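Working through the structure, step by step
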Amino acid sequence: MTERLVLVGNGMAGVRTLEELLKLAPEKYAVTVFGDEPYANYNRILLSPVLAGDKTIDEICLNGRDWYENNGIELRTGTAVAEIDRGGRRIIAADGTTADYDRLILATGSRPVRLPIPGADLPGVVTFRDIADVEAMTEASAKHDRAVVIGGGLLGLEAAHGLRERGMEVTVVHIADHLMERQLDAPAGRMLQQSMAERGIRFELPATTEAILGEEAATGIRLNDGRELDAGLVVMAAGIRPNTGLAESSGIYCERGILVGDTMQTFDPRIWAVGECVQHRGATYGLVAPLFDQAKVAANHLAEAGTARYEGSVTSTKLKVSGIDLFSAGDFHGGADSEAMVLADAAGGVYKKLVIEENRIAGAVLFGDTIDGSWYFQLMRDGTDISELRDQLLFGQAHLGDAGHGEGNRVAAMADDVEICGCNGVSKADIVQAIGDKGLFTLEDVRAHTKASSSCGSCTGLVESLLASTVGEGYETTPAKKALCGCTEYSHDEVRAAIRDHALKSIPEVMHFLEWGSEDGCNKCRPALNYYLLCAWPGEYADDPASRFVNERAHANIQKDGTYSVVPRIWGGVTSPAQLRAIAEVAEKYEVPTVKFTGGQRVDLLGVAKENLPQVWADLAAHGFVSGHAYGKAVRTVKTCVGQEWCRFGVQDSTSLGIELEHMAWGAWTPHKVKLAVSGCPRNCAESTVKDVGVVAVESGWEIHVAGNGGTKVRACDFLTRVDTADQVKEHTAAFLQLYREQAHYLERTAHWVERVGLAPIRERVVDDGDARAALAERFWYAQSFAQVDPWRQHAESADQRPYIPLKEVAG
Ligand SMILES: Cc1cc2nc3c(=O)[nH]c(=O)nc-3n(C[C@H](O)[C@H](O)[C@H](O)COP(=O)(O)OP(=O)(O)OC[C@H]3O[C@@H](n4cnc5c(N)ncnc54)[C@H](O)[C@@H]3O)c2cc1C
Ligand code: SF4
């Protein structure tokens, strides 16, 4: 029989518990919800932007009435629960209606504190907790010019900002000597005050309100020094108290809040409690992130789905006043055993303070530049030893080492598990994965699928940057399916899937099966199909030279004067006198006008006449050279630095690893050109972090970075992982390249591919899942067993030299 579940409190924590429960056990309960507010479920956090006129009430609705209906939940709004008959397992509402329960959730939130001072009950005195309060303030702002806000904490300042935006003259009266003293130290508090003063808000602090003045309605306040301030509206934002009245009167054990254990059960095991009303391990919370964690645990137990435990939360605070960036977390005062790192740039409006205890971040206050807030918070929550980051820590993640992450790339530089949306506990990886998996293109899409940025909204900028860096130019445009070319309606992915699923093994077969719109295809689809077939059926598919671009057909880069450039492969950029002599001989013999070193540490013979190509190749092959594939959508160079063998900074043998990697990867055909590099230490002389695969040696092994490129738009790599051994580097590189080969669209560089699909799913297969990695690497190596044939030698030895003989001679 379906059990009966009653929720008292239709707010953020209670309804989140139901959402979590519906995911786990949608059929388990017949649910009834009581809420004393007359609305469906809304986002309380966003009352501040509503007050400021930036959002409407409709826009902050989280779950409308249709959500309750669709999930078979009975919603009784405007109905306060007055009593719990625990013996009879029934709740009794103030209007006399009742509901029986098998299990009960209490999520009654908090009540704002009304200071016990004369005049506190006068009309015109409001708190800031719900929609009714916002409506009262909005109305008052239309009638009165002046407001006083009592309390310079988060809520008071957001109220002051909102009222100022509505045109009122606002004075904040605060008891402490700087603002938000629970979250900020004095310098940050003072900078905040200055910023808000610049927005036209006045401050009285330290000051205490002695009384509210007025007979019929509030007309002002009197401070304890006797001064009086005029105000037609007085907002009391002097703190909140867990709302325990109902629980207490029903005999449920309460202290400051309703006492719960790690399963979120109260002393009555049929009754759960979540949200601001609870006290857990001595702590009460006033922010949503912990409440959502609690909701998950409560739902887990209500669904009888497991053994989840809530063990408490570390919280961080952000202020939602546009243009003021403020972040605070943990113990920002520090004690005798801690030290503080401080960066104060008063002129630039930036202040950063990190409190360090035993090489770990214990607290952080950031003002003016909060981009690294999530990173510090993550380091703090994970208890990461920061000794190795010390000298760069204050400057932020973007300045770490020589990784080369530019300013615009800061979000991209964040680790995947960094929490972007603190309110809803959504990490960068969650967002990137949702963008990739579900094809999300707009902020609204991301909000709908991940909830990120849907609560306080302070992470909206980060989410937008993530969208921009993940979907690139497609951001904010509605995704339309993009056909591979004008000859077909099918996209790259659909064509690849058809090749795989229907075992199509030649270009005509693909065209026939997919009803190609042109008989022979075009210069866009033929090279793509040739590559897709080569990748899908290594060893079986015979490459079609006619479907290649001219450089790949000629195995050399055509130059602007019609001659060609020949670049032999120089493994890892390491050569020898014999090789150099051989190159010199070839250059002299064929009168090569220019011999030049390339950016990839090779020697380029420029100006080779087409008819000389086979002999040039034959001579080079005779000296042991193979093609450098400088002309192809293929693996090109592996650049190395001198590394441990010669360099006093080197910590690993980067040269040998580079050579091994090049021997492993040469000859591979890829969707676009691929460049690799290996540096012997984080000084990164081989510029590894702008390569498709860049390896950087560290004391303990190797860091692997991926998806960078130089070119017109430089993109620094994303950090993929750190490994211990050279063999692991090779396996990860092979797996990454194979995934790129299998997933990327033809002519898509690794950078664009990673931005399109997101790093998280790639990391999952290449790093986290060892079996998947091994399988990918195997496929790469298998394909390589057919690909590592030197095309120069083949062509030099071929009986048919016609392609290289000028047309005139062939004809004559
Ligand atoms: C203006 C404002 C800005 C905020 N900004 C942030 C922020 O930026 N970041 C952040 O993390 N947090 C913020 N918060 C705090 C956050 O909104 C709360 O932590 C969160 O809403 C608490 O959720 P809850 O479900 O415990 O309580 P609530 O959301 O208050 O829900 C409790 C509900 O239960 C109802 N109720 C109580 N008793 C009864 C009863 N007997 N019968 C029926 N119904 C009852 C209440 O009326 C209420 O609707 C803000 C809060 C406010 C007011
Ligand atoms: S990267 Fe390090 S090891 Fe390599 S050359 Fe530069 S300083 Fe030396």
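- In the annotation of an unreviewed UniProt entry, the entry for the protein chain reads Assimilatory nitrite reductase (NAD(P)H) large subunit, and the organism field reads Thiohalorhabdus denitrificans.
- Per UniProt, the protein chain has the following entry under Sequence similarities (unreviewed entry): "Belongs to the nitrite and sulfite reductase 4Fe-4S domain family."
- Annotation of the protein chain in UniProt includes, under Pathway (unreviewed entry), the sentence "Nitrogen metabolism; nitrate reduction (assimilation)."

Examining the overall build of the protein chain
- Looking only at helices and strands, the protein chain has 27 helices and 38 strands in total.
- For the protein chain, the spread of C-alpha atoms along the three principal axes comes to 110 × 65 × 45 Å.
- Among the 812 residues that make up the protein chain, the fraction classed as buried is 54%.
- Taking contacts inside the protein chain between residues at least 6 apart in sequence as the whole, the part at least 24 apart equals 63%.
- Accessible surface, the protein chain as shown: approximately 35000 Å² in total, 48% of it carbon and sulfur.

A short note on the nonpolar core
- Counting residues in each nonpolar core, the largest one holds 65 residues, and the members touching the most others are Leu-157, Leu-163, Leu-192, Leu-233, Val-235, Leu-319 and Ile-431.
- Counting residues per element, this core draws most heavily on helix 5 (residues 154–165), which supplies 5 residues.
- Filtering out sequence-adjacent residues up to four positions away, Leu-319 remains in contact with Leu-154, Leu-157, Glu-158, Met-180, Leu-192, Ile-324 and Leu-326.
- The next biggest cluster of nonpolar side chains, apart from the first, holds 49 residues, and it includes Val-8, Val-33, Tyr-285 and Ala-303.

Some thoughts on the UniProt feature "domain: FAD/NAD(P)-binding" (unreviewed entry) in the protein chain
- The positions that UniProt labels "domain: FAD/NAD(P)-binding" (unreviewed entry) are, in the present scheme, residues 4–289.
- The span residues 4–289 is 24% helical and 29% strand by assignment, and the distance between its end C-alpha atoms comes to 28 Å.

Comments concerning the pairing of strand 25 (residues 339–345)
- As judged from the 7 bridges shared by strand 25 and strand 26 (residues 350–357), these two strands associate in the antiparallel manner. Counted as the bridge partner of Asp-345 is Val-350 from strand 26.
- With antiparallel pairing between neighbouring strands as the criterion, strand 25 and strand 26 make up a hairpin whose turn holds 4 residues, including Gly-349 at a positive phi of roughly 70°.

With respect to the side chain of Thr-266
- Assignment of secondary structure puts Thr-266 in the loop between strand 20 (258–260) and strand 21 (271–273).
- Here the side chain of Thr-266 touches Asp-268 through a polar contact of 3.0 Å, landing on its backbone oxygen.
- Ignoring any residue separated from it by four or fewer positions in sequence, one finds Thr-266 in contact with Ile-252, Ile-258, Leu-259, Val-260, Ile-271, Trp-272 and Ala-273.

Quick notes on unusual backbone geometry
- Backbone torsion omega between Leu-205 and Pro-206 reads -5°, so that peptide bond is classified as cis.
- One can find Pro-206 in the loop between strand 14 (202–204) and strand 15 (209–213).
- Phi is positive for Glu-515, close to 50°, though the residue is something other than glycine.
- Along the chain, the position of Glu-515 falls in the loop between helix 16 (507–513) and helix 17 (525–536).

Thoughts on the pairing of strand 26
- Counting buried positions along strand 26 yields 7 of 8 residues, so the element is predominantly enclosed.
- Of the pairings in the sheet, the one linking strand 26 to strand 27 (residues 360–367) comprises 7 bridges and is antiparallel in character. Bridged to Tyr-351 within strand 27 is Phe-367.
- Between the end of strand 26 and the start of strand 27, which pair antiparallel, lie 2 residues, with Glu-358 showing a positive phi angle near 50°.

What to know about the site of ligand 2
- Taken together, Cys-641, Gly-643, Cys-647, Phe-649, Gly-650, Gly-680, Cys-681, Arg-683, Asn-684 and Cys-685 are the residues near ligand 2.
- A breakdown of the residues in the shell around ligand 2 according to their chemical character gives 5 nonpolar, 4 polar and 1 charged.

Some remarks on the sheet that holds strand 15
- Across the sheet, 3 strands lie side by side as 15-16-17; this open sheet has antiparallel pairing. The open sheet has two free edges, formed respectively by strand 15 and strand 17 (228–230), since each of these has just one partner strand. Neighbour-to-neighbour, the strand axes of this sheet turn through a mean angle of 20°, independent of strand direction.
- Both strand 15 and strand 16 (residues 220–223) contribute to a ladder of 4 bridges, which runs antiparallel. Considered in strand 16, the bridge of Thr-209 is made with Leu-223.

Points about the side chain of Arg-636
- Locating Arg-636 in the fold gives a position in strand 34 (residues 635–640).
- Note on Arg-636: relative accessible area 13%, which makes it buried.
- With near-sequence residues (within four places) excluded, Arg-636 lies in contact with Arg-569, Arg-602, Gly-628, His-629, Ala-630, Tyr-631, Glu-662, Lys-673, Val-674 and Lys-675.

So, empty space enclosed by the protein
- Counted under the stated rule, the structure contains 5 cavities of 30 Å³ or more.
- Considered as a void within the structure, the largest cavity measures approximately 110 Å³ in volume.
- Contributing to the lining of the largest cavity are 12 residues, with Lys-428, Ser-469, Thr-470, Arg-715 and Asp-718 lying nearest its centre.
- For the lining of the largest cavity, the elements supplying multiple residues, two or more each, are helix 12 (428–438), helix 14 (460–471) and helix 23 (750–757).
- It is helix 14 that provides the largest number of residues to the lining of the largest cavity, a total of 3 residues.
- Among the residues making up the lining of the largest cavity, the classes are represented as 5 nonpolar, 3 polar and 4 charged.
- Counting residues domain by domain, the lining of the largest cavity receives three or more from each of domain 3 (410–480) and domain 6 (635–787).
- Its volume calculated, the second largest cavity comes out at about 100 Å³.
- Taken together, 12 residues make up the lining of the second largest cavity; nearest its centre are Arg-16, Glu-19, Leu-62, Phe-292 and Lys-451.

Overview of the site of ligand 1
- Around ligand 1 sit 33 residues in total, of which Asp-36, Glu-37, Arg-129, Glu-276 and Lys-320 are the nearest.
- Measuring from an oxygen atom of ligand 1, one finds a backbone N or O atom of Ala-13 at 2.8 Å.
- One of the backbone N or O atoms of Val-81 is found 2.9 Å from a nitrogen atom in ligand 1.
- In the complex, 95% of the free accessible area of ligand 1, which totals 980 Å², lies under the protein chains.
- Those elements that provide at least two residues to the shell around ligand 1 are helix 1 (12–24), helix 5 and helix 8 (288–302).
- Each residue belonging to the shell around ligand 1 can be placed in one class, and the counts come to 14 nonpolar, 11 polar and 8 charged.
- Counting only domains with at least three residues in the shell around ligand 1, you end up with domain 1 (3–109 + 243–303) and domain 2 (112–241).

Side note on the sheet that holds strand 7 (residues 90–93)
- Taking strand neighbours across the sheet as the criterion, the 3 strands line up as 6-7-8 in an open arrangement whose pairing is antiparallel. Edge positions in the sheet fall to strand 6 (81–85) and strand 8 (98–100), since each of these pairs with one other strand and no more. If you compare each strand with its neighbour and ignore which way they point, the axes differ by 20° on average.

A short note on the UniProt feature "domain: BFD-like [2Fe-2S]-binding" (unreviewed entry) in the protein chain
- Under the local residue numbering, the UniProt record ascribes the feature "domain: BFD-like [2Fe-2S]-binding" (unreviewed entry) to residues 420–468 and 485–533.
- Here residues 485–533 runs as 53% helix and 0% strand, with 17 Å between its end C-alpha atoms.

Remarks on helix 20 (residues 613–622)
- With 7 of 10 residues buried, helix 20 is to be regarded as a mostly interior element.
- Among the residues trailing helix 20, Gly-624 stands out with phi positive, at a value near 90°.

Some thoughts on the packing of aromatic side chains
- Evaluation of the coordinates by the stated rule reveals 12 aromatic pairs.
- Seen in terms of ring centroids, Trp-375 and Tyr-376 are 5.4 Å apart; in terms of plane orientation they differ by 35°. Their pairing is tilted.
- Classification of Trp-375 by relative accessible area gives buried; the value is 6%.
- The exposure class assigned to Tyr-376 is buried, which follows from its relative accessible area of 1%.
- Each member of the aromatic cluster is reached from another via a ring pair, and the members are Tyr-531, Tyr-532 and Tyr-746.

Side note on the confidence of the model for the protein chain
- Considering every residue of the protein chain, the mean pLDDT works out to 88; 93% of them sit at 70 or more.
- Here residues 401–408 scores under 50 on pLDDT; set against residues more than four positions off or in separate chains, the count is 11 contacts.
- Taken together, the stretch residues 806–812 has pLDDT below 50 and engages in 3 contacts with residues farther than four places along the chain or on a different chain.

Conventions adopted
- Residues numbered from 1 in each chain as written.
- Chains lettered and ligands numbered in written order.
- Predicted model: local features only at pLDDT ≥ 70, side-chain atom pairs only at ≥ 80, totals over all residues.
- Heavy atoms only, no water.
- UniProt positions renumbered as here; feature names shortened; annotations may be inferred.
- Helix = DSSP H or I, 4+ residues; strand = E, 2+ residues; numbered from the N terminus.
- Buried < 20%, exposed > 50% of the residue type's maximum accessible area, 1.4 Å probe, protein only.
- Contact = heavy atoms within 4.5 Å.
- Areas by Shrake-Rupley, 256 points an atom, 1.4 Å probe, with all protein chains shown as cover.
- Core = buried A, V, L, I, M, F, W, Y, C linked by side-chain atoms within 4.5 Å.
- Pairing = 2+ DSSP bridges.
- Polar contact = N/O pair within 3.5 Å; in protein donor to acceptor, adjacent residues only side chain to side chain.
- Near = heavy atom within 4 Å.
- Nonpolar A, V, L, I, M, F, W, Y, C, P; charged D, E, K, R; others polar.
- Axes fitted to C-alpha atoms, helices over the stretch in contact; angles between N-to-C directions.
- 1 Å grid on protein atoms, 1.4 Å probe; cavity = no way out; pocket = protein on both sides within 12 Å on 5 of 7 lines; lining within 4 Å.
- Points joined across faces, edges and corners; volume = space filled by probe spheres on them.
- Domains from an automatic or database assignment.
- Phe/Tyr/Trp six-rings, centres within 6.5 Å; stacked < 30°, edge-to-face > 60°.
- pLDDT = per-residue confidence, 0-100.

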